[in-house]
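What follows is the residue order along each chain.
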Number of protein chains: 2
Amino acid sequence: MDERKDKYAALKLENQLCFPLYACSKEIIRRYRPYLDELDLTYTQYIAMMVFWEEKQCSVKALGKKLFLDSGTLTPVLKSLEQKGYVKRQRSAADERLLIVAITEKGENLKERAIAVPQKIAGCIQLEPQESVALYQLLHKVLGNMEE
Amino acid sequence: MDERKDKYAALKLENQLCFPLYACSKEIIRRYRPYLDELDLTYTQYIAMMVFWEEKQCSVKALGKKLFLDSGTLTPVLKSLEQKGYVKRQRSAADERLLIVAITEKGENLKERAIAVPQKIAGCIQLEPQESVALYQLLHKVLGNMEE
DNA sequence: TATAAATAAATTGTATGCAATTTAATTTTG
DNA sequence: CAAAATTAAATTGCATACAATTTATTTATA
């Protein structure tokens with residue numbers, strides 16, 4: 001089979017870039033599940049907590065920008081995190097349109113237990129350090145290219 | 001801030017590999033939408049059609065293996081594709097447990113219109129050829145590592 | 001060969017994702 | 001300053017994802 005003559009080559013699953021991205025992302029997130037179950041967090045809740053572990057508080061808008069998610073996704077996620085007691089949600093006094101989400105003491109404490117997760121995931125991705133760096137840079141380059 | 005002394009560095013969003021994978025995947029799929037809308041396909045329906053454009057027919061099980069999806073996801077996707085007239089679904093005569101999904105004439109015809117999509121997506125990913133190859137290989141390496 | 005084990009889809013239940021719309025608050029403008 | 005435009009969340013509707021269970025069929029085995 002001469003690929004130069006296959007006008008449909010670009011439509012083959014094996015020639016896609018997005019598909020392995022999509023598959024890889026889903027498969028890794030599936031690997032997170034047993035570890036996140038122990039923390040009573042979903043992956044989406046986990047990446048939201050990562051922001052709060054770094055920043056203490058954040059508006060829904062700002063969180064959405066960091067996580068590439070909109071309020072349609074975040075509102076139920078943040079309500080769930082509030083229910084678990086990891087964050088508080090309250091409107092900004094300065095601008096009532098903004099909902100400020102702030103981490104609680106219980107949310108801070110969770111960080112200690114979450115600290116073991118990244119190691120375990122790295123163990124299942126199994127890339128050499130320089131490969132991880134290369135992948136990281138390529139992904140951020142694509143994200144940057146799409147921002148334009 | 002000396003990173004060597006930050007025991008929480010691994011929990012920072014900027015130090016994750018899975019997160020940019022997840023974000024990249026979602027953002028690219030979002031870029032597919034306007035092009036796939038013209039074909040009346042979602043991304044999941046599109047990657048399923050890619051398999052049928054190559055293979056003519058396939059069981060749900062085999063399709064799930066290729067796409068990293070289970071019957072819980074595929075059943076409604078395939079019913080939807082059948083409704084649009086792009087595939088037929090029928091039980092295998094040899095093994096009634098198997099549902100064989102086969103592409104229709106209308107599904108085959110769709111391929112001609114889909115042929116323009118990959119180019120348009122490549123345009124928004126904007127990687128140099130050697131970067132695309134590197135990303136492709138790293139993603140497949142990770143997928144391979146996780147199969148074990 | 002009758003029964004147990006295994007297999008394939010479908011179903012059920014929960015949690016995203018995201019476009020589009022709605023609601024409330026703030027900013028811009030005529 | 002009042003009306004229009006903008007902005008931020010929430011809501012709505014639809015389509016995934018996936019674990020767990022159920023149902024139907026086939027294979028393995030006592």
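Residues numbered from 1 in each chain as written. Chains lettered and ligands numbered in written order. Predicted model: local features only at pLDDT ≥ 70, side-chain atom pairs only at ≥ 80, totals over all residues. Heavy atoms only, no water.

Novice: An account of the layout of surface pockets is requested, with residue identities and associated values reported.
Specialist: Its boundaries defined by the atoms lining it, the largest pocket holds a volume of some 990 Å³. A:Phe68, A:Leu69, B:Tyr22, B:Lys26 and B:Glu27 are, among the 30 residues lining the largest pocket, the residues nearest its centre. When contributions to the lining of the largest pocket are tallied by element, the ones reaching two or more residues are α1 (18–38), α2 (43–55), α3 (60–67) and α7 (129–147) of chain A together with α1 (18–38) of chain B. The element contributing the most residues to the lining of the largest pocket is α1(A), with 9 residues. The residue inventory of the lining of the largest pocket, partitioned by class, reads 12 nonpolar, 6 polar and 12 charged. (1 Å grid on protein atoms, 1.4 Å probe; cavity = no way out; pocket = protein on both sides within 12 Å on 5 of 7 lines; lining within 4 Å. Points joined across faces, edges and corners; volume = space filled by probe spheres on them. Helix = DSSP H or I, 4+ residues; strand = E, 2+ residues; numbered from the N terminus. Nonpolar A, V, L, I, M, F, W, Y, C, P; charged D, E, K, R; others polar.)

Novice: Which residues make up the interface of chain B and chain A, and what values go with them?
Specialist: Each side of the interface is counted separately: chain B has 59 residues, and chain A has 58 residues. Roughly 6000 Å² of surface becomes buried between chain B and chain A when both sides are summed, with 71% attributable to carbon and sulfur atoms. For the salt bridge of B:Glu131 with A:Lys141, the shortest nitrogen-to-oxygen distance reads 2.8 Å. Inspection of the region where chain B meets chain A yields 18 residue pairs in polar contact (both at pLDDT 80 or more). When contributions to the side of chain B that touches chain A are tallied by element, the ones reaching two or more residues are α1, α2 (43–55), α3 (60–67), α5 (105–114), α6 (117–125) and α7 (129–147) of chain B. (Contact = heavy atoms within 4.5 Å. Buried area = accessible area lost by both parts, 1.4 Å probe. Salt bridge = Lys/Arg side-chain N within 4 Å of Asp/Glu carboxyl O. Polar contact = N/O pair within 3.5 Å; in protein donor to acceptor, adjacent residues only side chain to side chain.)

Novice: If you had to explain the packing of α1(A) against α2(B) to someone new, which residues and values would you point to?
Specialist: The interhelical angle for the contact between α1(A) and α2(B), taken along N-to-C directions, is 115 degrees, at an axis separation of 12 Å. For the crossing formed where α1(A) meets α2(B), the hand is left-handed. Each of A:Cys18, A:Phe19 and A:Tyr22 in α1(A) lies in contact with α2(B), whose residues at this interface are B:Tyr43, B:Thr44 and B:Ile47. Here the contact of α1(A) with α2(B) is built from residues that sort into 5 nonpolar, 1 polar and no charged. (Axes fitted to C-alpha atoms, helices over the stretch in contact; angles between N-to-C directions. Left-handed = near helix turned anticlockwise from the far one by under 90°.)

Novice: An account of the sheet that holds strand β2 (residues 87–91) of chain A is requested, with residue identities and associated values reported.
Specialist: All names here are of chain A. Ordered by their spatial adjacency, 3 strands build an open sheet running β1-β3-β2, and the pairing between neighbours is antiparallel. The open sheet has two edge strands, β1 (57–59) and β2, and neither has a second partner. Going from strand to strand, the sheet's axes swing by 20 degrees on average, the running direction of each strand aside. Of the strands in this sheet, β1 and β3 (99–103) touch α3, which is tilted by about 95 degrees from β1. Sitting on the sheet, helix α4 (residues 71–83) touches β2 and β3, and the angle it makes with β2 is about 125 degrees. (Pairing = 2+ DSSP bridges.)

Novice: Please provide a residue-by-residue account of the side chain of B:Gln16, values included.
Specialist: Relative to the elements of secondary structure, B:Gln16 occurs in the segment before α1. Those residues in contact with B:Gln16 that lie beyond four places of it in its chain are A:Tyr32, A:Met50, A:Tyr136, B:Ala10 and B:Leu11.

Novice: Would you mind going over the protein's contact with DNA strand D in detail, with residue names and values included?
Specialist: Among the 28 residues in the neighbourhood of DNA strand D, the closest are listed as A:Tyr22, A:Lys61, A:Ser71, A:Thr75 and B:Thr42. Across the atoms of DNA strand D situated within 4 Å of the protein, the share located in sugar and phosphate is 78%. For DNA strand D, a sugar or linking oxygen lies 3.3 Å from a polar atom in the side chain of A:Arg91. In the environment of DNA strand D, a phosphate oxygen lies 3.1 Å from a nitrogen or oxygen atom belonging to the side chain of B:Gln45. When grouped by side-chain class, the residues that make up the surface near DNA strand D number 7 nonpolar, 9 polar and 12 charged. (Near = heavy atom within 4 Å.)

Novice: Can you tell me about the relation of the copies chain B and chain A, naming the residues and giving the values?
Specialist: Aligned on chain A, chain B shows an RMSD of 0.0 Å; the corresponding rotation is 180 degrees and the shift along the axis is 0.0 Å. Expressed as an axis order, the relation between the two copies is that of a two-fold axis. When you check the interface residues of chain B against chain A, 98% turn up at the interface there too, and the contact is symmetric in its surfaces. (Least-squares fit on C-alpha atoms with pLDDT ≥ 70 in both.)

Novice: Break down the packing of aromatic side chains for me, citing the residues and quoting the values.
Specialist: Under the defined criterion, the tally for this structure stands at 14 aromatic pairs over all chains. Ring geometry for A:Tyr46 versus A:Trp53: centroids 6.4 Å apart, planes at 75 degrees, classification edge-to-face. Judged by its relative accessible area of 3%, A:Trp53 is buried. Here the aromatic rings of B:Tyr43 and B:Tyr46 are separated by 6.3 Å at their centres, their planes lie at 50 degrees, and the arrangement is tilted. (Phe/Tyr/Trp six-rings, centres within 6.5 Å; stacked < 30°, edge-to-face > 60°. Buried < 20%, exposed > 50% of the residue type's maximum accessible area, 1.4 Å probe, protein only.)

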